[in-house]
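Architecture and fold: a report
Listed below, chain by chain, are the residues.
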Amino acid sequence: MNLLQIHEPGQTPLPHAKKSMAVGIDLGTTNSLVAVSENQKPLVLKDTHGRGLVPSAVLYQAGSIHVGELARAALKDHPERVVVSIKRLMGRGQEDVMRVADQLPYELDTSAGGMVRVKVGGRVLTPVEVSGHILEELRGRAERTLNREVRQAVITVPAHFDDGARNATKDSAKLAGLQVLRLVNEPTAAALAYGLDKGAEGTYAVYDLGGGTFDVSVLRLRMGVFQVLATGGHVQLGGDDFDRAVAEHFLGERTRMVGAEKATTADVKRALAVARQAREHLTAHETGSWPLDLGGRLTWHSLDQATLNQLIAPKVEQTIEIARCVLDDARLEPSELSGIVLVGGVTRTPLVRRRVAEFFGREPLTDIDPDEVVALGAALQAEALTRGSEALLLDVTPLSLGLETMGGLVEKVVQRNTPIPVSIAQEFTTYQDGQTAMAIHVVQGERELVGENRSLARFELHGIPPMTAGAARIRVLFSVDADGLLTVSAEETTTGTRQEVAVKPAYGLSESEMAAMLRASIDHAKDDMNERLLREARVDAERLLHAIDGAICADGDLLEDRERKDVQRLIEALHRAMAGRDRGAILDGIDTLNAGTEAFAARRMDRGIQAALQGVAVNALAERLEAPKPHGRGRK
């Protein structure tokens, strides 16, 4: 006989059982944090020394893995065993990384093909695995501090992380034993922390400069609703780039002191570690000196704030230019903002704060620790998703999503800065008579031509009934979930034939693609539109030539020899126009060919009507004409 255990709602049946809890995680390039929220009061979880930051560094030794301070300290003596800044490689392929391989403090393994891997401590690891070890350490800290099981988390990502990088983050969480409740964009999480903590309302800019990425977003906070109006950023711009500029300065000085030396990967790691120490020291001090020990030869290097500002100024100005573009997208002037929120430890840099204040015309908000604000917002969202909240997040997709159409053109279905989650459908049709399949090519970006955008996925829809060109109705549905992940489906509406693909690219956007995508769309807008119009004219010409060719094959006997020669001459003229780049000449050729085949088209219509009426009685024809017409709307 089995006994039925009864317990009160919200209580476990076993008094000693631990209650599971959801946390918020800021998985950063330089440092990571884990936080928890109860009753809308978020708190960063700290270690026994009172440190909330967990360095995003992993030390691989024989039989053991260490994350955090111990790993960062090991950079000095054993840099070949330590991985840092792995976030910069999330979702990126070998081709992407090899373009910037000389800037990375890693030894890369390219023998396997496909996903990039890092050689470290006698192991070969993917960025997903390394990030998984960092997340596992954060989960362990939360469980030790809370004395509860932690299996769910809200994890923050840069607003400009694409599908590949977002999927890689979710895969890392799986390796760490975590279910991702939601991926939240870092600027949105920061706004959530400020909005609920301060009861703020209005329109805010969030300037988020971290170790490896930069984002700026404009959000409207009103009655618990957080709506992202516009976002922009760069996935390869952050404190690491500041450190690299300082490291190159130190290495240049060292060359003048001791002569030219070839810097190994380990040397670069050591130089970057010293450069980071110098940059962080100069946040609060005017000058300082640091030792650089490479190959047993010690050199000392001095640096002051003025020199640091010269080294990092180009990168800082790059962030200001991105902020200017985002405000343009939101159709706002700096004076119309209620405030500016700083996120990321790099925003403590005096030059950064000064330029932000100058551009926005006011001092930024700094009353929440910029290192902690993202994790606090993530914790609030974790509490909202597991226990309920009156707050509502309306994030956006950072880049447009669309399909390739005839002529190598892009038809944008989901425009950038569209609030998510969202589902948008659009109808397409066939190009050729009797076409029974359609290739679907999904792309991401702002340019008019397919080759200038990021390819996300390809699939084919089969089973389309053979019809005349333009008769089939193919409904393509784009669905972007709250995490910013995309699913695309295609359906032939008359038969219900359907195909779906979850868009999960193996790698993220390359540095050149992501960094230049929005800027290029502006710089080349006129050229892109002219090219689009030219290609559309060529597609129209090809469609007309295909139709006339089919008509001649079917009813060529209706043409006299002279007429056939005249039509052929017009066809050849249109082909010549299509080979050039004069859109006007192509359109004139289309009009001339249409005019030259009007008589032929009229004879074909007469023949068709005669064939349709042959053998039909007059009374039956009258009844047919008086019958009610079908009601409905068709797509023009």
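The sections below set out a description of the structure shown in this document. All figures in this text were calculated on a predicted structure; none of them were measured in a lab.

**Some thoughts on the overall build of the chain**
The number of helices and strands found in the chain is 16 helices and 28 strands. Scored against the burial criterion, the 636 residues of the chain give a buried share of 50%. A total accessible area of about 30,400 Å² is found for the chain, and carbon and sulfur atoms account for 49% of it.

**A closer look at the pattern of salt bridges**
Taken as a whole, this structure holds 21 salt bridges when the rule is applied. A salt bridge links Glu38 to Arg387; the shortest N-O distance between them is 3.6 Å. Pair noted here: Glu38 is in strand β2 (residues 31–38) and Arg387 is in helix α10 (residues 373–387), with a separation of 349 residues, a long-range link. Accessibility expressed as a relative area gives 43% for Arg387, which makes it partly exposed. With its nearest N and O atoms 2.5 Å apart, the salt bridge here joins Arg348 to Asp371. In this pair, Arg348 sits in the loop between β18 (339–343) and α9 (350–360) while Asp371 sits in the loop between α9 and α10, placing the two residues 23 residues apart along the sequence. Here the salt bridges share partners, and the residues they tie into one network are Arg139, Glu143, Glu149 and Arg151.

**Topic: the sheet that holds strand β10 (residues 123–125)**
Overall, antiparallel pairing links the 3 strands, which are arranged β8-β9-β10 in an open sheet. Looking along the sheet, the strands with just one partner apiece sit at the ends: β8 (107–109) and β10. Direction aside, neighbouring strands of the sheet carry axes that sit 40° apart on average. Two strands pair when backbone bridges link them, and β8 and strand β9 (residues 117–120) are joined in this way by 3 bridges, in the antiparallel orientation. Considered in β9, the bridge of Glu107 is made with Lys119.

**Focus on helix α6 (residues 239–258)**
Along its 20 residues, α6 runs 28 Å from first to last C-alpha, staying within 8% of the 28 Å computed at 1.5 Å per residue. Just past α6, the residue Gly259 takes up positive phi, approximately 95°.

**Examining the layout of surface pockets**
If you add up the space inside the largest pocket, you get close to 840 Å³. If you go around the largest pocket, you meet 29 residues; those closest to its centre are Glu404, Thr405, Met406, Phe428 and Thr429. Of all the secondary-structure elements, those providing two or more residues to the lining of the largest pocket are β20 (401–405), β21 (409–414), β23 (422–428), β24 (437–444), β25 (454–462) and α12 (525–555). Examining the composition of the lining of the largest pocket, we find that 5 residues originate from one element, α12, more than from any other.

**Some points on the sheet that holds β24**
One open sheet accounts for 4 strands, arranged β21-β20-β24-β25; its pairing is antiparallel. Each having just a single partner strand, β21 and β25 make up the two edges of the open sheet. Direction aside, neighbouring strands of the sheet carry axes that sit 30° apart on average. Note that β24 and β25 share 8 bridges and pair antiparallel. By the bridge assignment, His441 is partnered in β25 with Arg458.

Criteria and cut-off values
Residues numbered from 1 in each chain as written. Predicted model: local features only at pLDDT ≥ 70, side-chain atom pairs only at ≥ 80, totals over all residues. Heavy atoms only, no water. Helix = DSSP H or I, 4+ residues; strand = E, 2+ residues; numbered from the N terminus. Buried < 20%, exposed > 50% of the residue type's maximum accessible area, 1.4 Å probe, protein only. Areas by Shrake-Rupley, 256 points an atom, 1.4 Å probe, with all protein chains shown as cover. Salt bridge = Lys/Arg side-chain N within 4 Å of Asp/Glu carboxyl O. Pairing = 2+ DSSP bridges. Axes fitted to C-alpha atoms, helices over the stretch in contact; angles between N-to-C directions. Expected span 1.5 Å × (residues − 1). 1 Å grid on protein atoms, 1.4 Å probe; cavity = no way out; pocket = protein on both sides within 12 Å on 5 of 7 lines; lining within 4 Å. Points joined across faces, edges and corners; volume = space filled by probe spheres on them.

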